[in-house]
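# Coordinate inspection notes
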Amino acid sequence: MGKAFKRGMNKSKNNPFSTLSREEAIGKVVKGLHGTSKNENIEDLITLFGLSSEELLENGASYEEVKGVSGILND
């Protein structure tokens, strides 16, 4: 096996977003917003799936939490 092929195989094994549905992503973002520590994956999920503030509010996020990440939301 070549080096590039090995890197590609390892990258797909360690990628947590490889089999994530949109509903699961919204749930993870809402749970992350409720937490006290800022998680880097939240911003990645929002931009990857192009989430909007309406979707987050419908799934349990508070207005203040959504306003905190309004700069990266797709509205």
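In case you missed it, the structure is sitting above this.
Description of the structure in this document. (Residues numbered from 1 in each chain as written. Predicted model: local features only at pLDDT ≥ 70, side-chain atom pairs only at ≥ 80, totals over all residues. Heavy atoms only, no water.)

Taken as a whole and assessed by the stated rule, the structure comprises one salt bridge. Across the pair Arg22 and Glu55 runs a salt bridge, and its minimum N-O distance is 2.9 Å. Placement of Arg22 in helix H2 (residues 22-34) and of Glu55 in helix H4 (residues 53-58) is noted, with a sequence separation of 33 residues between them. (Salt bridge = Lys/Arg side-chain N within 4 Å of Asp/Glu carboxyl O. Helix = DSSP H or I, 4+ residues; strand = E, 2+ residues; numbered from the N terminus.)

What follows deals with the side chain of Ser53. With respect to the helices and strands, the residue Ser53 is situated in helix H4. Excluding residues that lie within four positions of it along the chain, Ser53 makes contacts with Val66, Leu73 and Asp75. (Contact = heavy atoms within 4.5 Å.)

Relative to the assigned elements, Ser52 resides in the loop between helix H3 (40-49) and H4. The class for Ser52 is buried, based on a relative accessible area of 15%. Apart from residues lying up to four places away in sequence, Ser52 is in contact with Leu73, Asn74 and Asp75. (Buried < 20%, exposed > 50% of the residue type's maximum accessible area, 1.4 Å probe, protein only.)

With that settled, the discussion passes to the environment of Thr47. Mapped onto the secondary structure, Thr47 falls in helix H3. Measuring from C-alpha to C-alpha, the distance between Thr47 and Asn74 comes to 7.9 Å, with 27 residues separating the pair along the chain. A polar atom in the side chain of Thr47 sits 3.0 Å from the backbone oxygen of Glu43. (Polar contact = N/O pair within 3.5 Å; in protein donor to acceptor, adjacent residues only side chain to side chain.)

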